Amino acid sequence: QVLLVESGGGLVQAGGSLRLACAASVRAFSRYAMGWFRQAPGKEREFVAAINWNGGNTDYRDSVKGRFTISRDNAKNTVYLQMNSLKPEDTAVYYCAADRHGLGYAIDAYEYDYWGQGTQVTVSS
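Residues numbered from 1 in each chain as written. Predicted model: local features only at pLDDT ≥ 70, side-chain atom pairs only at ≥ 80, totals over all residues. Heavy atoms only, no water.

Colleague: Can you explain the nonpolar core? Please cite residues and give values.
Modeller: Counting 31 residues, the largest nonpolar core has L4, M34, W36, L81, M83 and Y94 as its most contacted members. For this core, the secondary structure elements donating two or more residues are β3 (18-25), β4 (33-39), β5 (46-51), β7 (68-73), β8 (78-83), β9 (92-99) and β11 (119-124). If we ignore the near neighbours within four places in the chain, the residues touching L4 are C22, A23, A24, M34, C96, A97, A98, Y114, W115, G116 and Q117. Counting 6 residues, the second largest nonpolar core, distinct from the first, contains F37, A50, A106 and Y112. (Core = buried A, V, L, I, M, F, W, Y, C linked by side-chain atoms within 4.5 Å. Buried < 20%, exposed > 50% of the residue type's maximum accessible area, 1.4 Å probe, protein only. Helix = DSSP H or I, 4+ residues; strand = E, 2+ residues; numbered from the N terminus. Contact = heavy atoms within 4.5 Å.)

Colleague: Can you break down the state of the cysteines residue by residue, with the values?
Modeller: If you walk through the whole model with that rule in mind, you get 1 disulfide. Note that C22 is cross-linked by a disulfide to C96, the S-S spacing being 1.9 Å. Handedness of the C22-C96 disulfide follows from its S-S torsion of about 40°: it is right-handed. Of this pair, C22 sits in strand β3 while C96 is found in strand β9, placing the two residues 74 residues apart along the sequence. (Disulfide = S-S within 2.5 Å.)

Colleague: Could you give an account of the environment of G16, with specific residues and numbers?
Modeller: Relative to the helices and strands, G16 resides in the loop between β2 (10-13) and β3. When neighbours within four sequence positions are excluded, G16 is seen to be in contact with M83, N84, S85 and L86.

Right, here's the structure in full:
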């Protein structure tokens, strides 16, 4: 069983920054690919960013490229999402997820095996 706990969400003005963290309680964290997803009220959950087991490969949805950065620290069993130049449309609950197949990374939610409880990010205009 994998327990994922997100932190770092909050209220920020447009143009501001937040850094989300997701701590994983699991052995062999480095075997997992990790992803961030988000869900706004009334909308489907959507892919935000993903990273493979060693951080050598990453991917982002187009609307966050150049503003968000995903990274991981395998020694700390933690994955991060640095979010800069935030926009009101980034407002959502952000979830981290773990995929047992860590060599690559996935952008589809169904590929992920474990999910955190989510952290709210609200960007005011």
